[in-house]
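Structural overview
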Amino acid sequence: MKNEILKRLRYSLGKDADHASVYDWRMALSLVLRDHMVDTWFDSTRAAYGTSAKRVYYLSMEFLIGRLIEDMISNQGLETEARNAMKALGQDFDTIVHNEPDAALGNGGLGRLAACFMDSLATLGIPAYGYGIRYEHGLFEQSFVEGEQMEKPETWLSQRHAWEFERPEVQYRIGFGGHVSHSEGRAKWHPGDSVLATAHDTPIVGWKGVWGNTLRLWSADPVRQFDLASFNRGDYLAAGRSEALARTISRVLYPDDTTESGKELRLKQEYFFTAASIMDLLRRFLSDHDDIRALPDAVAIQLNDTHPAIAGPELVRLLVDEHGLEMPEAIDLARRCLAYTNHTLLPEALERWHEGLLGRILPRHLEIIRAIDDSHQAEHPGSPRILEHGDVRMGELAFIMAHKVNGVSALHTELVKETVFADLHRIHPTRIINQTNGITPRRWLYGCNPALRNLISEELGESWVSDLEQLSALTDKRGDSAFVADFHAAKRVNKVALSNWIGQTCDVQIDPDAMFDVQIKRIHEYKRQLMNLLETIALWNEMRDHPEKDWTPRVKIFGGKAAPGYFMAKDIIHLINDTASVINADPVTRDRLKIVFPPNYNVTMAERLIPAADLSEQISTAGKEASGTGNMKFALNGALTIGTLDGANVEIREHVGSENFFLFGLTAAEVMERRQQPGFSRAAIEASPRLRRVLGQIFEGRFSPQDPHRYHGLVGMLYDHDHFLVTCDFDSYFDTQRRADIAFQSQQSWATMALMNTASMGWFSSDRTIRGYARDIWKTRPHGALLEKSA
Ligand code: Z15
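Fair warning: this is a prediction, and the values are worked out from it, not measured in the lab.

Overview of the overall build of the protein chain
Of regular secondary structure, the protein chain possesses 33 helices and 24 strands. Seen along its three principal axes, the alpha-carbon backbone of the protein chain occupies a region of about 90 × 70 × 55 Å. Out of the 791 residues belonging to the protein chain, those deemed buried represent 51%. Across the protein chain, contacts joining residues at least 24 apart in sequence account for 76% of those joining residues at least 6 apart.

What follows is the structure, given as structure tokens:
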């Protein structure tokens, strides 16, 4: 490998070893790793082609991948070789690894789920393509200026992307606007504008390097070649317009998580990547089939939320306008290919497009949507409409065009049936099913937590990495005090490493023996970072009132970004940072309580924080978090959860045991009921002197003395429209935190509970989730055997 690296350095990067930078070495190593992968990748593609196996197409606006180098090394079993080679070349391996920028092509859970699914699809050997957008700028970079969030464009592509293959020959022309002509019962769309979608492929190789799939991301390019004619005719403006459009379409990821931006460019992005993906999969299908009616036997298209829901009308359009099928048959054929995953019940996240806007950008699609809506109505009189009050509702469109609709946790799926899609569920009672989310154990244990990984492998060998339920064997170790001590020691190694990193990045000294209490996720009112902070202030007050007591030392760690236009979320960030300045400087509590908020939370930071956590904050208002996946990562790495009965918390608690989980708060049903009571938040504040005191301090400017009015709006919100019931759950949360304090005092029993978490989390592997999709939705089986078949 050493020689291969030197060769790449010389011939691909044009550098010699004496003048190579960290970047050059990282690139040379990455290219060598990529070379290794190509053979597996080709074999898999050939095997899938040879047996004309059904292929899965996962359409997602987001793939939150993070770094890839460690996946590429460990999945191919090249750890020792790669380390030794870099050592022989006099390079520090970790420095090289950390030189890779995160591919942050996603906002949060939805995008990270897509990335975990890609890993599991490859590990299980299911022929699959991920389809998305190659954003030039991923999620913005966050910094804090005097405690306030600032956003800077992210620039991961300012360096060469080591893993991708550009495919200039794989290009599709994507139209926008224009008009539709009808003659002899046939419609034809004449787009007014168009751009080219160019494919960029990243190979995704699964565990042990047995199978490789493709993540195909589309970039938008101007149609220069095509418009040369009109350019020569003197229509310079038209040519220029397309160029500008092309440049903006794949420019930047919209930074809104679970809120609809409603922007025209966003709709264009959605159509752009969906249309390119559908054309691409049809081309692949037609290369080895001649009957278009066989499409559902060869193609399963999964829509990751409604963002690619235009896939339904687009597929129907191609079947009718280009392949000459009749509308009813086309709709039926499309439906048998399509399935839709719902990720939220929050009304502000449900996509709707004004009919006028959609019709202007996609005139033919609007006609087809009307036809779909009318035919559904004719079959099921009185059913909900896709078009309502001049809006196209993408949820209803996705539902009606899918043969299966799934929720992402047991509770969420039940709520989908009872709330957003209650009427459609009555009409199609078998369509909605559950597929509880999962996480890839390759990244979220094996990769990010070597201390724990090694301990587990000493006990079980390495087969748990692709068969996570084997962790249950660790349950037997809970009475083995030597093993529990080793488990505890692994956690401590991670906590020391994190303490050092926080010392460097936040300039705050923290005690590795304190409880590390971590809340990392997007900043959103429903996730209730504010409640966590209020509890922190209440604890601070009590520590100051009773300094003689034996307090459990705590480090409160926050991480996460607010959407740039979400002012309440930005206020919450500001308040956390303001409070940290005051509390961290207090000599009375200095050895007992610290708040840290490292800026620019991303996948790589999660990989640092999660292995070092003792307590995982999963405190959303019950009924609001569809699933959560961070909750799973923490429990797998031996953190205890403090949480509500929300999303996958419910199932995590069932698996790890209620004695190993700190439960608090109202249930989803109680939340709905409480909201109906007038003045519920004032009543809750009235009943809690502890909460009243904290709100008073914030209101009076205790944490913002330079600007004492700064948080009047925020406190006022809690009094008058506490939509997420922070005030109602506060006391129960505070009390449960004190139970956690007491439990932490016995390190031995805490470590045993933590061990029980790790041992019980096997079911939450995304391998299990993907098997579920394959069995219940795609009707495809893991094809690991394909390779041998074709060999
Ligand atoms: C997103 O990250 C999620 C839902 C959405 O509707 C959007 Cl637009 C983005 C998250 C859920 O909030 C989270 O609970 C879930 O675990 C995740 O999707 C993956 O299903």
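Comments concerning the confidence of the model for the protein chain
Scored by pLDDT, the protein chain has a mean of 95; 98% of the residues are at 70 or more. Listed scores for the predicted complex are pTM 0.97 and ipTM 0.98.

Re the site of the ligand
Looking at the ligand, there are 19 residues lining it, with Gly-109, Leu-110, His-343, Thr-344 and Ser-627 nearest. Taken together, the residues that form the shell around the ligand break down as five nonpolar, eleven polar and three charged. Both of domain 2 (51-67 + 102-437 + 771-790) and domain 3 (513-764) provide at least three residues apiece to the shell around the ligand.

A word on the nonpolar core
General note: in soluble globular proteins, nonpolar side chains tend to be found buried as a group. In terms of nonpolar packing, the biggest core is built from 228 residues, with Tyr-57, Phe-272, Ala-334 and Leu-338 touching the most fellow members. The element contributing the most residues to this core is helix H6 (residues 109-124), with ten residues. With sequence-adjacent residues up to four places away left out, Leu-338 is seen in contact with Ile-301, Leu-303, Ala-311, Gly-312, Met-401, Ala-402 and His-403.

A few points about the packing of helix H21 (residues 529-545) against helix H30 (residues 726-745)
In contact at an axis separation of 10 Å, H21 and H30 are set at 55° when each is read in the N-to-C sense. One way to sum up the angle between H21 and H30 is to call them oblique. Handedness of the H21/H30 crossing: right-handed. Here Leu-530, Met-531, Leu-534, Glu-535 and Ala-538 of H21 lie close against H30, whose contacting residues are Val-726, Asp-729, Phe-730, Tyr-733, Phe-734 and Gln-737.

Digging into helix H31 (residues 747-760)
Its 14 residues give H31 an end-to-end C-alpha distance of 20 Å, which sits within 8% of 20 Å, the value for a rise of 1.5 Å per residue. Across the 14 residues of H31, eleven count as buried, placing the element largely inside the fold. Those residues of H31 lying buried are Trp-750, Ala-751, Thr-752, Met-753, Ala-754, Leu-755, Met-756, Asn-757, Thr-758, Ala-759 and Ser-760. Turning to H31, the residues buried within the fold contact helix H20 (481-506), helix H24 (630-636), strand E23 (640-643), helix H25 (649-656) and H30.

As for unusual backbone geometry
Its identity is not glycine, yet Glu-146 carries a phi of approximately 50°, on the positive side. Tracing the backbone through its elements, the reader meets Glu-146 in the loop between strand E5 (141-145) and strand E6 (148-152). Positive phi, close to 45°, is recorded for His-389, a residue that is not glycine.

Remarks on the pairing of strand E22 (residues 615-618)
If a strand is regular, its side chains alternate between the two faces of the sheet. Burial along E22 is two-sided: Leu-615 and Glu-617 facing one way and Ser-616 and Gln-618 facing the other are all buried. Here strand E19 (residues 515-520) runs beside E22; their pairing, made up of two bridges, is parallel. Directly across from Val-518, in E22, lies its bridge partner Ser-616. Pairing of E22 with E23, which is carried by four bridges, proceeds in the parallel orientation. The partner of Glu-617 across the bridge, within E23, is Ile-642.

Section: the pairing of strand E11 (residues 212-221)
By the criterion of burial, E11 is predominantly enclosed, with nine of the ten residues buried. Sheet topology note: the strand E4 (residues 128-133)/E11 ladder contains five bridges and is parallel. In the sheet register, Tyr-129 faces E11, and the bridge partner there is Thr-214. In this sheet, E11 lies alongside strand E10 (residues 193-205) in antiparallel orientation, the contact comprising ten bridges. Its bridge partner lying in E11, Ala-197 is registered against Ala-220. Two successive antiparallel strands, E10 and E11, enclose a turn made up of six residues, where Lys-208 displays a positive phi of approximately 70°.

Quick look at helix H19 (residues 450-460)
Among the residues of H19, Leu-452, Arg-453 and Ile-456 are the ones counted as buried. For H19, the buried positions fall inside an angular range of 100° around the axis, keeping them on one side.

Focus on the sheet that holds strand E24 (residues 662-663)
Read from one edge of the open sheet, six strands run E21-E20-E19-E22-E23-E24, paired in parallel fashion. Of all strands in the sheet, those bounded by a partner on one side alone are strand E21 (593-596) and E24. Bridge count for strand E20 (residues 554-559) against E21 is four bridges, and the pairing is parallel. Residue pairing across strands places Val-555 opposite Lys-594, the latter belonging to E21.

Re the sheet that holds strand E16 (residues 391-393)
Within a sheet, neighbouring strands are paired by backbone hydrogen bonds and run either parallel or antiparallel to one another. Pairing is antiparallel in the open sheet, where three strands are placed in the order E14-E16-E15. With partners counted over all chains shown, the strands left at the sheet margins are strand E14 (352-354) and strand E15 (387-388), one partner each. Sheet topology places E15 next to E16; two bridges connect them, and they run antiparallel. Pairing of Glu-388 across the sheet is with Asp-391, part of E16.

Description of the environment of His-389
Following the sequence through the fold, His-389 ends up in the loop between E15 and E16. Classification of His-389 by C-beta neighbours within 10 Å gives exposed; the count is 9. Spatially, the C-alpha atom of His-389 lies 46 Å from that of Gly-212, the residues being 177 residues apart in sequence.

Some thoughts on the packing of helix H1 (residues 2-11) against helix H2 (residues 22-50)
It is the contact of H1 with H2, at a shortest axis distance of 8 Å, that shows an interaxial angle of 115°. Of the two elements, H1 crosses H2, and the hand of that crossing is right-handed. Along its contact with H1, which presents Glu-4, Ile-5, Arg-8 and Leu-9, the element H2 presents Asp-24, Ala-28, Leu-29, Leu-31 and Val-32. Partitioning the contact of H1 with H2 into residue classes produces six nonpolar, no polar and three charged.

Structural notes on the environment of Asn-304
Within the secondary structure, Asn-304 sits in strand E12 (residues 299-304). Taking the number of C-beta atoms within 10 Å as the measure of exposure, Asn-304 has 23 and is therefore buried. Distance from Asn-304 to Ala-339, taken between C-alpha atoms, is 9.0 Å for residues 35 residues apart in sequence. In this view, Asn-304 contacts Tyr-58, Leu-59, Ser-60, Leu-110, Ala-114 and Thr-341; residues no more than four positions away in its chain are not counted.

Here we look at the environment of Leu-333
Within the fold, Leu-333 resides in helix H12 (residues 327-337). Separated by 38 residues in sequence, Leu-333 and Leu-295 place their C-alpha atoms 7.4 Å apart. Beyond its immediate stretch of four places on either side in the chain, Leu-333 contacts Arg-293, Leu-295, Pro-296 and Leu-319.

What counts and what doesn't
Residues numbered from 1 in each chain as written. Predicted model: local features only at pLDDT ≥ 70, side-chain atom pairs only at ≥ 80, totals over all residues. Helix = DSSP H or I, 4+ residues; strand = E, 2+ residues; numbered from the N terminus. Buried ≥ 20, exposed ≤ 12 C-beta atoms within 10 Å, placed from the backbone. Contact = placed C-beta atoms within 7 Å. pLDDT = per-residue confidence, 0-100. Near = placed C-beta within 6 Å. Nonpolar A, V, L, I, M, F, W, Y, C, P; charged D, E, K, R; others polar. Domains from an automatic or database assignment. Core = buried A, V, L, I, M, F, W, Y, C linked by C-beta atoms within 7 Å. Axes fitted to C-alpha atoms, helices over the stretch in contact; angles between N-to-C directions. Parallel < 35°, antiparallel > 145°, perpendicular 65-115°, else oblique. Left-handed = near helix turned anticlockwise from the far one by under 90°. Expected span 1.5 Å × (residues − 1). Pairing = 2+ DSSP bridges. Arc of directions from axis to C-beta.

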